[in-house]
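Okay, here's what each chain looks like letter by letter:
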Amino acid sequence: MSAPLKIAYSPCPNDTFVFDAWAHGRIPGAPALDVTFADIDVTNGMAERGEFDVLKVSYAVLPWVLDEYALLPCGGALGRGCGPLVLTREAGSAAELAGKTVAVPSERSTAYLLFRLWAAAEVPGGVGEVVVLPFHEIMPAVRDGKVDAGLVIHEARFTYADYGLRKLADMGEHWETTTGLPIPLGAIVAKRSLGAERLRELAEAARTSVRLAWDDPAASRPYVLAHAQEMDQAVVDQHIGLYVNEFTAGLGEEGYAAVRGLLTRAAAEGLVPPLGPDALDFV
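Worth saying up front: this structure is predicted, and the values here are computed from it rather than measured.

### Here we look at the overall build of the protein
Thought 1: A tally of regular secondary structure across the protein gives 12 helices and 11 strands.
Thought 2: For 283 residues, the compact-globule formula gives about 19 Å, and the C-alpha radius of gyration of the protein, at 19 Å, lands near that figure.
Thought 3: Each principal axis of the C-alpha distribution contributes one length, and for the protein these read about 60 × 45 × 30 Å.
Thought 4: Looking at the protein alone, contacts between residues at least 24 apart form 80% of all its contacts between residues at least 6 apart.
Thought 5: Summed over its atoms, the accessible surface of the protein is roughly 12500 Å², and 50% of this surface lies on carbon and sulfur atoms.
Thought 6: Of the charged side chains in the protein, 23 are positive and 37 negative, and the gap between their average positions amounts to 1 Å.

### Topic: the pattern of salt bridges
Thought 1: Under the criterion given, the structure shown has 10 salt bridges.
Thought 2: With its nearest N and O atoms 2.4 Å apart, the salt bridge here joins Asp 15 to Lys 56. Here Asp 15 is found in helix α1 (residues 13-23), whereas its partner Lys 56 is found in strand β3 (residues 54-58), with 41 residues between them in sequence. For the residue pair Asp 15 and Lys 56, the accessibility class agrees, reading buried in each case.
Thought 3: Between Arg 80 and Glu 176 there is a salt bridge, with the nearest N and O atoms lying 3.9 Å from each other. One end of the pair, Arg 80, is in the loop between β5 (77-79) and β6 (85-88); the other, Glu 176, is in helix α7 (residues 171-179), and 96 residues separate them in sequence.

### Regarding the sheet that holds strand β10 (residues 166-170)
Thought 1: Read across the open sheet, the five strands follow the order β8-β7-β9-β6-β10; overall the sheet is mixed. Every other strand in the sheet has two partners, leaving β8 (130-132) and β10 as the edge strands with one partner each. Each strand axis lies, on average, 30 degrees off the axis of its neighbour in the sheet, ignoring direction.
Thought 2: Alignment of strand β7 (residues 102-104) against β8, held across three bridges, turns out to be parallel. Within β8, the residue paired with Val 104 across the bridge is Val 132.

### Re helix α5 (residues 135-143)
Thought 1: Burial in α5 covers these residues: Ile 138, Met 139, Pro 140, Ala 141 and Val 142.
Thought 2: Next to the buried residues of α5 lie β6, β7, β9 (149-152) and α6 (156-159).
Thought 3: Once α5 ends, the next one or two residues include Gly 145, with phi positive near 80 degrees.

### Let's talk about the nonpolar core
Thought 1: The biggest cluster of nonpolar side chains holds 55 residues, and the ones touching the most others in it are Leu 55, Leu 62, Leu 71, Val 86, Phe 115 and Trp 118.
Thought 2: Among all residues touching Val 86, those that are not within four sequence positions of it are Leu 97, Phe 115, Trp 118, Ala 149, Gly 150, Leu 151, Arg 166, Lys 167, Leu 168, Ala 169 and Met 171.
Thought 3: Counting residues in hydrophobic clusters, the runner-up holds 29 residues, among them Phe 19, Val 54, Ala 205 and Ala 206.

### Considerations on the pairing of β6
Walk down a regular strand and you will see the side chains alternate between the two sheet faces.
Thought 1: Side chains of β6 alternate between two faces, with Leu 85 and Leu 87 and Val 86 and Thr 88 buried alike.
Thought 2: Note: β6 against β9, three bridges, orientation antiparallel. Note that in β9 the partner of Leu 87 across the bridge is Gly 150.
Thought 3: Pairing of β6 with β10 involves four bridges; the strand directions are antiparallel. When the bridges of β10 are listed, Leu 85 appears paired with Asp 170.

### Some remarks on the state of the cysteines
Thought 1: Overall, the coordinates contain zero disulfides when judged by the stated rule.
Thought 2: Free of any disulfide, Cys 74 has its nearest neighbouring cysteine sulfur in Cys 82, separated by 19 Å.

### Quick notes on the environment of Pro 73
Thought 1: Note on placement: Pro 73 falls in the loop between β4 (69-71) and β5.
Thought 2: Residue classification places Pro 73 among the buried positions, given a relative accessible area of 12%.
Thought 3: Apart from the residues lying within four places of it in its own chain, the contact partners of Pro 73 are Ala 203, Arg 207, Gly 250, Leu 251, Tyr 256 and Phe 282.

### Looking at the side chain of Thr 43
Thought 1: If you trace the backbone, Thr 43 turns up in helix α2 (residues 40-48).
Thought 2: Once residues lying within four places of it in the same chain are set aside, the contact partners of Thr 43 are Ala 8, Ala 38, Leu 55, Lys 56 and Val 57.

### Focus on the packing of aromatic side chains
Thought 1: Taken as a whole and judged by the stated rule, the model has five aromatic pairs.
Thought 2: Seen from their ring centres, Phe 37 and Tyr 223 are 6.2 Å apart, and the 50 degrees between their planes marks the pair as tilted. Placement of the pair is Phe 37 in strand β2 (residues 33-37) and Tyr 223 in helix α9 (residues 217-226), with a sequence separation of 186 residues.

### What about the side chain of Asp 20?
Thought 1: Here Asp 20 is to be found in helix α1.
Thought 2: Looking at Asp 20, its side chain comes within polar contact range of the side chain of Arg 26, at 2.5 Å.
Thought 3: Setting aside residues no more than four positions away along its own chain, Asp 20 makes contact with Arg 26, Ser 209, Ala 219, Ser 220 and Tyr 223.

Reading guide: rules and limits
- Residues numbered from 1 in each chain as written.
- Predicted model: local features only at pLDDT ≥ 70, side-chain atom pairs only at ≥ 80, totals over all residues.
- Heavy atoms only, no water.
- Helix = DSSP H or I, 4+ residues; strand = E, 2+ residues; numbered from the N terminus.
- Rg over C-alpha atoms; globule rule 2.2 N^0.38 Å.
- Contact = heavy atoms within 4.5 Å.
- Areas by Shrake-Rupley, 256 points an atom, 1.4 Å probe, with all protein chains shown as cover.
- Lys, Arg positive; Asp, Glu negative; His and termini not counted.
- Charge placed at Lys NZ, Arg CZ, Asp CG, Glu CD.
- Salt bridge = Lys/Arg side-chain N within 4 Å of Asp/Glu carboxyl O.
- Buried < 20%, exposed > 50% of the residue type's maximum accessible area, 1.4 Å probe, protein only.
- Pairing = 2+ DSSP bridges.
- Axes fitted to C-alpha atoms, helices over the stretch in contact; angles between N-to-C directions.
- Core = buried A, V, L, I, M, F, W, Y, C linked by side-chain atoms within 4.5 Å.
- Disulfide = S-S within 2.5 Å.
- Phe/Tyr/Trp six-rings, centres within 6.5 Å; stacked < 30°, edge-to-face > 60°.
- Polar contact = N/O pair within 3.5 Å; in protein donor to acceptor, adjacent residues only side chain to side chain.

Pasting the structure below:
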């Protein structure tokens, strides 16, 4: 019997929902998993160092890791209506960000790429200094005048008014309006050295785990809630509904177009290395 595969994904409800059946041995014949929980900025670094067999990472980090890892065609997250926001203290226009300081949670994230693509189109001359801050410090930093604007994600969409902040722009809205495509968020990657047959097994296990979760949502609830960091059930269900969708079961033509579109545009702006023509191909 082979050793369990080392996998790292986040404790967020969408990941625990997707991987519950697989992680708990409810998929006959699927490889056993040795699970580590880590936020996606941590798993991005793990992938760049080649530390795990399978990882949930940001699509934005793919250009740095696809030599060693293959993109699985399922198990990840793409979405609509869930893009990052640029927040400021006062209502204003995008042009007013020219030369200003903006706090971001990471420079290796889809949120950051969407922000830079938006700024290239909407901010004459571009923004000024970009500073990386822990996510929970960004809204207080904007409120307190330490930075001129902040890029926020996830639940901050619903809480920024509590900090007295205004929405300057919605990065997802800009992306969807200009491309018609969903937003590529989190990808599942696995080491190419596992071999084509094992990679196909992993993709099938991920796809089956998603379908089992949909077929019996109650089965995953204990695992999801145990790691949901005090979210109430309604918020957990909304989170899963937003991030676990048809693209999780299979990227399909539209999903691949979204990923390729994001990374091609980002490479044209010098934000990421260019992808090779076959970089996103699965075995």
